[in-house]
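Given next are the chains, with one letter for each unit.
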Amino acid sequence: MTTHTDIAILGAGFAGLGMAIRLKQSGVEDFVVFERAHEVGGTWRDNTYPGCACDIKSDLYSFSFAPNPDWTHKYARQAEILAYLKATTDRFGVRSHIRFGHEMQRAEWDAGAALWCIQTSEGAYTARVLISGHGPLIQLKWPDIPGLEGFGGQKFHSARWDHRVDLTGKRVAVIGTGASAIQFVPEVQKVAGQLTVFQRTAPWVMPRMDHPTSEG
């Protein structure tokens, strides 16, 4: 059985939710959002590493139609950004349009029918319009290092941080110096016995000038 919807949106992160809310505000109700996970949030749902925060000022990293006066810091932390996205989803009534646990497997344009033919992990759909709001970094990427598979210690990707692993006093190796590492390395060094960072290219680092948001 194939289900038809006028507009299909891929992903329930900032982009997909923003599109869904704007459609609803415009009086459009015939749309669905495909989300492979079981909650909204995108990268702010998946990334929970120590120190995870926005690297853009929170007042700018918000929906224009949903300003948030309750950010606790100039650069909001992961947990409150995720809470903001959940609250905004419910506030604007788009949760019922989201199909959780639906991973898009294939999408093909049928020129004759002038429709998108979409196959998800939970069934087939057709749509007049298909909008992609998926993140470009959604798939984890491990470096191609000889011996990595045979490494005897505990290992995990920062985008799927294993909070069961206690790094206190441990010898820790970090591969890469991207935006995530710049945030979690300062946190890990507080507890690790020894921390070594392997980098290919040195990044530019400058003070974040972060501070708590005052009551005023």
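Residues numbered from 1 in each chain as written. Predicted model: local features only at pLDDT ≥ 70, side-chain atom pairs only at ≥ 80, totals over all residues. Heavy atoms only, no water.

### Here we look at the packing of aromatic side chains
In this structure the tally under the stated criterion is 13 aromatic pairs. For the pair Phe34 and Tyr125, a centre-to-centre distance of 4.8 Å together with 70 degrees between the ring planes defines the contact as edge-to-face. Taken together, the residues span a long stretch of sequence, with Phe34 in strand β2 (residues 31-35) and Tyr125 in strand β6 (residues 123-132) at a distance of 91 residues. A single burial state applies to Phe34 and to Tyr125, both of which are buried. A connected cluster of aromatic rings, assembled from ring pairs, spans Phe14, Trp44, Tyr61, Phe63, Phe65, Trp71, Tyr84 and Phe92. (Phe/Tyr/Trp six-rings, centres within 6.5 Å; stacked < 30°, edge-to-face > 60°. Helix = DSSP H or I, 4+ residues; strand = E, 2+ residues; numbered from the N terminus. Buried < 20%, exposed > 50% of the residue type's maximum accessible area, 1.4 Å probe, protein only.)

### Considering the pattern of salt bridges
The final tally for this structure, using the stated rule, is 12 salt bridges. Residue Arg45 is joined to Asp46 by a salt bridge in which the shortest nitrogen-to-oxygen separation is 2.9 Å. Taking the relative accessible area as the measure of exposure, Arg45 reaches 18% and is therefore buried. Note that Asp90 is salt-bridged to Arg95, the shortest N-O span being 2.6 Å. For Asp90, a relative accessible area of 44% corresponds to the partly exposed category. The class for Arg95 is partly exposed, based on a relative accessible area of 26%. Connected through shared salt-bridge partners, Glu35, Arg45, Asp46 and Arg160 make up one network. (Salt bridge = Lys/Arg side-chain N within 4 Å of Asp/Glu carboxyl O.)

### Some details on the side chain of Thr5
Tracing the backbone through its elements, the reader meets Thr5 in strand β1 (residues 2-10). By relative accessible area, Thr5 is classed as buried at 3%. Side-chain polar atoms of Thr5 contact the backbone oxygen of Ile7, separated by 3.4 Å. A polar atom in the side chain of Thr5 sits 3.3 Å from the side chain of Asp30. Not counting the four nearest positions on each side in its chain, Thr5 is found in contact with Asp30, Phe31, Val32, Thr126, Ala127 and Arg128. (Polar contact = N/O pair within 3.5 Å; in protein donor to acceptor, adjacent residues only side chain to side chain. Contact = heavy atoms within 4.5 Å.)

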